[in-house]
Amino acid sequence: MLPCFCNLRKVGPKYPDMLHSTSESTVSQATLLQKTSKLGAEYEATPISSDYLVYQAIGVGCFGAASIFLSQHIPSNVFTVLRLIDLERLSSSQMEDVQNEMKLSQLINHTHVARYLCSFVVGTKLWALQPLMHYGSCADIMHSAQPFRNGFKEPVISIILRDIVSGLQYLHSLGFVHRSVRAKHFLIHEDGIVKLSGLRSVVSMIEDGARVKALHGHFTGTVDNICWLAPELLSQDLSGYSFQSDVYSVGIAALELATGEAPFAGLPVTEIMMLKLRGHPPVLMKKDDGEKDGQISTHLSKVIDLCVDPDPSRRPSPAKLLNTSLLKVRKKVAPNTLKDLLLPVVPLDTSKLNVAETGLESMLEALNTTTTEIIWT
Amino acid sequence: MPLFKSSPKSPQELAKGLKEALGVLSSGGAKRAEKAAEEAAKILGQIKVMLYGSGDQEPQPELTAQLAQEFYNHDILLHLINNMAKLDFEAKKDLAQIFNNVLRRQIGTRCPTVEYLCSKFELVLKLIRGYENPEVALNCGMMLRECVRHEPLAKLILENGDFYLFFKFVELSTFDVASDAFAMFRDLLTRHKILCANFLETNYEKVFVDHYQKLLNSENYVTRRQSLKLLGELLLDRHNFTTMSLYINNPDNLKLMMKMLIDPSRNIQFEAFHVFKVFVANPNKSKPILDILLRNREKLTDFLTKFHTDRTEDQQFNDEKQYLIKQIREMQPAADTATATAEAAAV
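As the structure is a computational prediction, the values presented were derived from the model and not from experiment. (Residues numbered from 1 in each chain as written. Chains lettered and ligands numbered in written order. Predicted model: local features only at pLDDT ≥ 70, side-chain atom pairs only at ≥ 80, totals over all residues. Heavy atoms only, no water.)

> How should the pairing of strand β3 (residues 78-86) of chain A be read in this particular structure?
Every regular strand shows the same layout, with side chains that alternate between the two sheet faces. Residue and element names in this part refer to chain A. Most of β3 is tucked away: eight of the nine residues are buried. Pairing analysis gives eight bridges linking strand β2 (residues 66-73) to β3, with the strands arranged antiparallel. Looking at the pairing, His73 lines up with Val78 of β3. What sits between the antiparallel neighbours β2 and β3 is a turn of four residues, in which Asn77 has the positive phi angle 65 degrees. In this sheet, strand β5 (residues 125-131) lies alongside β3 in antiparallel orientation, the contact comprising seven bridges. Each residue of the ladder has a partner; that of Arg83, found in β5, is Ala128. (Buried < 20%, exposed > 50% of the residue type's maximum accessible area, 1.4 Å probe, protein only. Helix = DSSP H or I, 4+ residues; strand = E, 2+ residues; numbered from the N terminus. Pairing = 2+ DSSP bridges.)

Below you can see the structure in the form of structure tokens.
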């Protein structure tokens, strides 16, 4: 069964879409709109490197070729995240992946999908700018904050899932399969809005002006994402996979959020493959400390069971998921509830940022110089 | 909420409604235009469902046929493209998908939409010009990509002067649009082998000397890397034999490749190697080419011996490198007669 391709934005008021808010906008949606405007919907991301202040580095990404910095767009004062991707370190096919991600970003506009604001080339580096997500990703929080080492409590999980599933529903409505739904790609903004990122793995189910019935084949991130990937995606058989494989990943990600670690994590890749292909339910790797058991309520575990059903056709669609009591009840919760629930974790304080000092300038300029003294005659 | 779903509109009704909305959109005042854009977006959504189906529901062939007929009769695609910039964000994408679906229509061996577009070629030109407007560039790209799959349309685009605009578009400052334009450029020059070979051969001077050279010397790293890679692919494609012969007999091209062999970027060096090898492997080198290679014989063999020695996995590359070193070592100065014929061929 394929989900509806019709435009969801016209069907229901579920979409607090930044540009196309319907007349049914609730109060919380209106404030949400106001708040998201400073995320970049209204600032012109300019493709000029001197328009950005670069602060400290916060990580690496993109096949290891990207340094990630906090940055600020000077003309508008908006804080951004700069991914400085060294294209010289990417193979041609990796570079094509990045190109597709940047293109896709420009064709997407939804409150719960994180995208790039703009990208441009300086020397051998690609400057790719994203809105700043002050809390980082859900995986970051679980890894770095002691209270969330063993996962989040159910109210937090249901807010996160609600946002992620509605972002996913948007992508599906456009014919896209995400293929790497996981806590690492759930980013939380200062306002408590959760966004789905990781568009590099997205693939379209519309090709040459027609719907594709099923997708086949792996992608560059298969091994990296194996814990979250659906059995039918891994099996590479004739029936292929489609939107429902994302729903399987939602189930795995829900378990990840509830326990602090993805099921199957740490097992050898081949064993994960085997377990999944045999239809084995997710294997929790973390030892529960007794108290944890009580935290996965029947509510949550019922939803997870539905999502990770080995038969893709029995999994619920994102629309159905949004209607489950787990996600539905909290639909009207104002976004800052998530902020309260995340305490003592607080969003990044941008007033305390330091401009990157040494090395950055040279890093920006530096080319992989294999200088040569050869002069052809 | 209505108790019963209103019955879906007929293709004729949809087309009529769309045409009216577009009429207001192109001429009406701001207030009315806003309303019309909303209406157009709604109808486009409905048309998309009709053409693509939804859920388990397959599209119905007779409805899509009727809809296409309405589109041709009332030039609706033309109106849509003309007003694209005024459509809202999601409606632009719906339009692109509708366009692509109508384009793939076939009746036996005929492609009626392709025939229609050949007769209304200004529409395709409009799509090409779309790259100049960031608001619609990628949407236009989605539609153009499908156009280029059809040989008659690809031929018209290549033969039209607007093709040369792509040399500008691939260097646009926004990475996403420039990337899309380059993918299109590559499609245009590689998809239909015989058409492309003929085009490159007949327009060799204009394409390679006047324009392609600039891409290879671009200040934009991505442009240089991609255009160099594409050049290698074009020259090594057997369909482009004549073009290759012309290219590898020009000493300026060899000099440029030797310069790129020692570029600071390893990727550029590597791509340049794949073009450089064609010059060396050519059994009928012209005298100017031979002279350059002979003049640099020692340096070249030395350079190639040390060139990308860490690529131990790539057997083909290493074989080719050894072959080139051997060729350059054993190279003999040209006999005068051979030179004369090779030079004649180069002119």
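> Got a minute to help me understand the nonpolar core in this structure?
One recurring pattern in soluble globular proteins is that nonpolar side chains are buried together. B:Phe166, B:Phe185, B:Met257 and B:Phe276 are the most contacted members of the largest nonpolar core, which totals 134 residues. Element by element, the count of residues in this core is highest for helix α2 (residues 30-52) of chain B, at 11 residues. Not counting chain neighbours up to four residues away, the residues in contact with B:Met257 comprise B:Leu216, B:Leu228, B:Leu231, B:Tyr247, B:Ala272, B:Val275, B:Phe276 and B:Phe279. Residues A:Val165, A:Phe176, A:Met205 and A:Val247 belong to the second largest nonpolar core, which totals 71 residues. (Core = buried A, V, L, I, M, F, W, Y, C linked by side-chain atoms within 4.5 Å. Contact = heavy atoms within 4.5 Å.)

> Would you mind showing me how to read the sheet that holds strand β9 (residues 194-196) of chain A here?
Backbone hydrogen bonds hold the strands of a sheet together, and the pairing may be parallel or antiparallel. Residues and elements named next belong to chain A. Ordered in space as β6-β8-β9, the three strands form an open sheet in which the pairing is antiparallel. Strands at the two margins of the open sheet, each flanked by one partner only, are β6 (136-137) and β9. In this structure, strand β8 (residues 186-188) lies alongside β9, joined through three bridges in antiparallel fashion. Looking at the pairing, Ile188 lines up with Val194 of β9.

> I keep staring at the state of the cysteines and nothing clicks. Help me out?
Simply put, disulfide is the name for a covalent bond between the sulfur atoms of two cysteines. All names here are of chain A. A full pass over the atoms with the stated rule returns zero disulfides over all chains. Of all cysteine sulfurs in the structure, the one in Cys307 sits closest to Cys138, which takes part in no disulfide; the separation is 16 Å. Left unpaired, Cys227 is separated from the closest cysteine sulfur, that of Cys307, by 17 Å. (Disulfide = S-S within 2.5 Å.)

> Teacher, can you tell me more about the interface of chain B and chain A here?
Accessible area lost when the parts come together is the quantity often used to give the size of an interface. Facing 57 residues of chain B, the contacting portion of chain A comprises 51 residues. Taken together, the two surfaces of chain B and chain A that pack against each other cover about 4400 Å², and 55% of this comes from carbon and sulfur. For the pair chain B and chain A, the interface holds three salt bridges. Where A:Lys103 meets B:Asp180, a salt bridge forms, and the shortest distance between an N and an O atom there is 3.1 Å. Our enumeration of links across chain B and chain A arrives at 20 residue pairs in polar contact (both at pLDDT 80 or more). In terms of residue count, the dominant contributor to the side of chain B that touches chain A is helix α5 (residues 89-103) of chain B (eight residues). Of the residues assigned to the side of chain B that touches chain A, the class counts are 16 nonpolar, 18 polar and 23 charged. (Buried area = accessible area lost by both parts, 1.4 Å probe. Salt bridge = Lys/Arg side-chain N within 4 Å of Asp/Glu carboxyl O. Polar contact = N/O pair within 3.5 Å; in protein donor to acceptor, adjacent residues only side chain to side chain. Nonpolar A, V, L, I, M, F, W, Y, C, P; charged D, E, K, R; others polar.)

> In this structure, what is going on with the pattern of salt bridges? I would like to understand it.
Between side chains of opposite charge, a pair can form as their charged atoms come close. Applying the stated criterion across every chain, the model contains 27 salt bridges over all chains. Residues B:Glu159 and B:Lys155 are paired through a salt bridge, measuring 3.1 Å at the closest nitrogen-oxygen approach. Taken together, the residues span about one helical turn, with B:Glu159 and B:Lys155 both in helix α9 (residues 151-159) at a distance of four residues. Judged by relative accessible area, B:Lys155 falls into the partly exposed class, the value being 38%. Several salt bridges share partner residues, and in doing so they unite A:Lys103, B:Arg145, B:Asp180 and B:Asp187 into one network.

> What should I look at first to understand the packing of helix α19 (residues 297-305) of chain B against helix α20 (residues 315-329) of chain B in this one?
Packed helix pairs are specified by the crossing angle of their axes together with the interaxial distance, meaning the distance between the axes. Residue and element names in this part refer to chain B. Two elements in contact, α19 and α20, have axes whose closest approach is 10 Å; the angle formed by their N-to-C orientations is 165 degrees. Classified by the interaxial angle, the pair formed by α19 and α20 is roughly antiparallel. The chirality of how α19 crosses α20 is left-handed. Along its contact with α19, which presents Arg297, Leu300, Thr301, Leu304 and Thr305, the element α20 presents Lys321, Leu324, Ile325, Ile328 and Arg329. (Axes fitted to C-alpha atoms, helices over the stretch in contact; angles between N-to-C directions. Parallel < 35°, antiparallel > 145°, perpendicular 65-115°, else oblique. Left-handed = near helix turned anticlockwise from the far one by under 90°.)

> I keep staring at the sheet that holds β2(A) and nothing clicks. Help me out?
All names here are of chain A. The strand order β1-β2-β3-β5-β4 describes an open sheet built from five strands, whose pairing is antiparallel. Looking at which strands have only one partner, the edges of the open sheet turn out to be β1 (52-61) and β4 (118-122). Strand-to-strand, the axes of this sheet are offset by a mean angle of 25 degrees, without reference to chain direction. Bridge analysis of β4 against β5 gives five bridges, and the strand direction is antiparallel. From the neighbouring strand, Phe120 faces β5, where its bridge partner is Trp127.

> Just to check I follow, could you spell out the confidence of the model for chain A for this structure?
One rule of thumb: low pLDDT means the predicted coordinates there are not for detailed reading. All names here are of chain A. For chain A, the mean per-residue pLDDT works out to 80, and 78% of the residues sit at or above 70. Within the model, the stretch residues 1-42 combines pLDDT values under 50 with 85 contacts to residues more than four positions away or in other chains. Counting contacts from residues 366-370, a segment whose pLDDT is below 50, to residues more than four positions away or on other chains yields nine contacts. (pLDDT = per-residue confidence, 0-100.)

> Sorry if this is basic, but what is going on with helix α5 (residues 154-173) of chain A here?
Residues that lie three or four places apart on an α-helix share one face, since the helix turns once every 3.6 residues. Residue and element names in this part refer to chain A. The terminal C-alpha atoms of α5 lie 28 Å apart, and with 20 residues this matches the ideal 28 Å at 1.5 Å per residue to within 8%. Most of α5 sits inside the fold, with 19 of its 20 residues counted as buried. Two residues or fewer past α5, Gly175 is found with a positive phi of approximately 90 degrees. (Expected span 1.5 Å × (residues − 1).)

> It is not clear to me how the layout of surface pockets should be interpreted in this structure. Could you clarify?
If a probe the size of a water molecule is rolled over the atoms, the empty space left behind becomes visible. In this model, the second largest pocket occupies a volume close to 1300 Å³. Residue lining of the second largest pocket: 42 residues in total, with A:Asn100, A:Lys103, A:Ser204, A:Ile206 and B:Arg145 positioned closest to the centre. Mapped onto the lining of the second largest pocket, the elements with two or more residues apiece are α3 (92-106), β10 (203-204) and β11 (206-207) of chain A together with α2, α5, α8 (137-148) and α11 (175-190) of chain B. The element best represented in the lining of the second largest pocket is α3(A), accounting for eight residues. (1 Å grid on protein atoms, 1.4 Å probe; cavity = no way out; pocket = protein on both sides within 12 Å on 5 of 7 lines; lining within 4 Å. Points joined across faces, edges and corners; volume = space filled by probe spheres on them.)

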